[in-house]
Amino acid sequence: MMKREKFIVMFSLLLACGVLFSSCRVKRGSEAFRLKARAIHDRALTVDTHIDTPMHLLREGWKIGERHDPSQRESGKVDLPRMAEGGLDAAFFAVFVGQGERTPEGYARAEERAMTLLDAIHKMAEDYPQLVEIATSPDDAYRIEKEGKRAAFIGMENGYPIGKDLSLLEEYYKRGIRYLTLCHTQDNDLCDSSTDRQNPEDNGLSDFGKEVVAECNRLGVIVDVSHISDKSFFDVLKVTKAPVVASHSGVRVICDVQRNLSDEMLKQLALNGGVIQVCFVSSYLKKEKPNPERDKAFEALREKYGSRRDIRDEATLAKMREEYAAILEKYPVERATVKDLVDHIDCVVKLVGVDYVGIGTDFDGGGEVDGCEEVSQMLRITEELLRRGYSEEKIRKIWGGNLMRVFRKIIEIAEKSK
Ligand SMILES: [Zn+2]
């Protein structure tokens, strides 16, 4: 008995030591790992090429310079303190204008909306000069990062606010716009969209669209090929004199939706010297399991309220969000994870190389993945990249190095043309 008891005591002690030892080792290891990831993350210039946060800037009482509780839906995904926490140095703030009527009145309204958003972005920089500065070049971004502030680039999502007046593009450029997403979810005067269900035939880039691409090249504005149809994409590549960027898109071979880029598109993009910025929109990262009841409920919601982005009134927006959340609660969607997201990055790297991929979340425009739901959690991406064996050099390329290379090239080409 004694012998057996002794054995049990000894065995338990050994077991306890073993567990203790191994847990210490795991803990030490993971702490060291986290520190290493954090250090790499902090050394890199981290750039997110698409956030829809400017819409929050127009909300009464919401201040981007204050930290908002991430657990509250109305907090949004981005504010300046959480950007700093997440180690995100720069972001392209989207001047998004939803597609409307292609009439003089429609163009005038779109221009007014664009100017309102531009004003709001500039006001942000005036209100918080110690936290953020408007950036218009890669040099700006590196300098602002060194000063410990956030760099706010401006991109225009949808060419609609140009109307038919090409000179407006230069006006927007003067106000800081450095990329133009040629269209949004519907066809416009520039080109066809990947998701226009009313006009499914794909006419690609229009003659006016070609002029707009040439003007972007002349000014040094990045041509953003996210949202545009396949034919539009290949047409753009035929006429552009500079590399292009897909500011927030996924990879079609993993998630087969029209909004994503096919392997052929990715190969052509790499040949053009451009870059795809992988987005955080779950439905572009991972195919949702079909759920006709949920689809029906969302359809009914859309009919009731129209497009979310066109709702100006805060109370209506809150009501719509509540109903949206209730539908999701009733018919939950399995959301993509950080791993799913990095699978898309891996896929681009394997197909064309590490020089052609980056990150463009679409925060506040539908972007969120499990594990990185808002901007303060951006380090998780670096951790996952590091876990998969990416070197610091490669991580830096993905986080901003590639985008800045492309941007420099675009500026260089514009300057040569003058
Ligand atoms: Zn978008």
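The coordinates are above.
All figures in this text were calculated on a predicted structure; none of them were measured in a lab.

(A) Here's a closer look at the nonpolar core. Membership of the largest hydrophobic core comes to 90 residues, with the highest contact counts inside it found for Leu-180, Leu-182, Val-212, Val-236, Phe-280 and Ile-381. Listed in part, the 19 residues of the second largest apolar core include Ala-242, Val-275, Leu-403 and Met-404.

(B) Geometry of the coordination of the zinc ion. Surrounding the zinc ion are the protein donor atoms Glu-157 (OE), His-227 (NE2) and His-248 (NE2), which sit 2.0 to 2.2 Å from the metal. Binding-site remark: the zinc ion is held by donors from one chain whose sequence spacing is E-x69-H-x20-H. Here His-248 lies in strand E7 (residues 245-249) and His-227 lies in the loop between strand E6 (222-224) and helix H8 (230-239), a separation of 21 residues in the sequence. In this structure, His-227 and His-248 share a single accessibility class: buried.

(C) Expanded view of the pattern of salt bridges. One pass over the full model with this rule turns up 44 salt bridges. Note that Arg-102 and Asp-189 form a salt bridge whose closest N and O atoms lie 3.3 Å from each other. Here Asp-189 lies in the loop between strand E5 (177-181) and helix H7 (207-219) and Arg-102 lies in the loop between strand E2 (90-96) and helix H4 (104-127), a separation of 87 residues in the sequence. On the basis of relative accessible area, Arg-102 is assigned to the partly exposed category, the value being 43%. For the salt bridge of Arg-143 with Glu-147, the shortest nitrogen-to-oxygen distance reads 3.4 Å. For Glu-147, a relative accessible area of 43% gives the class partly exposed. Connected through salt bridges with shared partners, the residues Lys-339, Asp-343, Asp-346, Glu-384, Arg-387 and Arg-388 form a single ionic network.

(D) Quick look at the packing of helix H13 (residues 338-352) against helix H14 (residues 379-387). Remark: H13 packs on H14, axes separated minimally by 10 Å, with the N-to-C direction vectors making an angle of 60 degrees. One way to sum up the angle between H13 and H14 is to call them oblique. Judged by the sense of rotation from one axis to the other, the crossing of H13 with H14 is right-handed. Packed against H13, whose contacting residues are Val-338, Lys-339, Leu-341, Val-342 and Ile-345, the element H14 presents Arg-380, Ile-381, Glu-384 and Leu-385 at the interface.

(E) Up close: unusual backbone geometry. Here the phi dihedral of His-227 falls at roughly 80 degrees; this positive angle occurs in a residue that is not glycine. One non-glycine residue, Asp-362, adopts positive backbone phi at about 70 degrees. Here Asp-362 shows up in the loop between strand E9 (357-359) and H14.

(F) Highlighting the pairing of E2. For E2, the buried fraction is high: 7 of the 7 residues fall into the buried class. Side chains Ala-90, Phe-92, Ala-94 and Phe-96 project from E2 onto one buried face, and the interleaved Ala-91, Phe-93 and Val-95 project onto a second face that is buried too. In terms of strand pairing, strand E1 (residues 47-51) meets E2 through 3 bridges, oriented parallel. Paired with Asp-48 across the strands is Ala-91, a residue of E2. Judged from the 7 bridges that link them, E2 and strand E4 (residues 150-157) form a sheet pairing that is parallel. Of the residues in E4, the one forming a bridge with Ala-94 is Gly-155.

(G) Quick peek at the environment of Glu-322. Note that Glu-322 resides in helix H12 (residues 314-330). Overall, the relative accessible area of 59% leaves Glu-322 in the exposed class. Placed 249 residues apart in sequence, Glu-322 and Arg-73 show a C-alpha to C-alpha distance of 9.8 Å.

(H) Local environment of the side chain of His-248. When its relative accessible area of 0% is taken as the criterion, His-248 is described as buried. Among the polar contacts listed, one links the side chain of His-248 to the side chain of Glu-157, at a separation of 3.1 Å. Non-local contacts of His-248, meaning those with residues more than four positions away in its chain, are made with His-50, Glu-157, Asp-224, Ser-226, His-227, Arg-259, Gln-277, Cys-279, Gly-360 and Asp-362.

(I) Broad picture of the packing of helix H5 (residues 138-146) against helix H15 (residues 392-416). Running from N to C, H5 and H15 point in directions that differ by 135 degrees, and their axes come no closer than 9 Å. It follows that H5 is oblique to H15 by the angle criterion. Contacts from Pro-138, Asp-139, Ala-141 and Tyr-142 of H5 reach H15 at Met-404, Phe-407, Arg-408 and Ile-411. Residue composition of the contact of H5 with H15, grouped by class: 6 nonpolar, no polar and 2 charged.

What counts, and at which threshold
Residues numbered from 1 in each chain as written. Predicted model: local features only at pLDDT ≥ 70, side-chain atom pairs only at ≥ 80, totals over all residues. Heavy atoms only, no water. Core = buried A, V, L, I, M, F, W, Y, C linked by side-chain atoms within 4.5 Å. Buried < 20%, exposed > 50% of the residue type's maximum accessible area, 1.4 Å probe, protein only. Donors = N, O, S within 2.8 Å, 3.2 Å for Na, K, Ca; no water. Helix = DSSP H or I, 4+ residues; strand = E, 2+ residues; numbered from the N terminus. Salt bridge = Lys/Arg side-chain N within 4 Å of Asp/Glu carboxyl O. Axes fitted to C-alpha atoms, helices over the stretch in contact; angles between N-to-C directions. Parallel < 35°, antiparallel > 145°, perpendicular 65-115°, else oblique. Left-handed = near helix turned anticlockwise from the far one by under 90°. Contact = heavy atoms within 4.5 Å. Pairing = 2+ DSSP bridges. Polar contact = N/O pair within 3.5 Å; in protein donor to acceptor, adjacent residues only side chain to side chain. Nonpolar A, V, L, I, M, F, W, Y, C, P; charged D, E, K, R; others polar.

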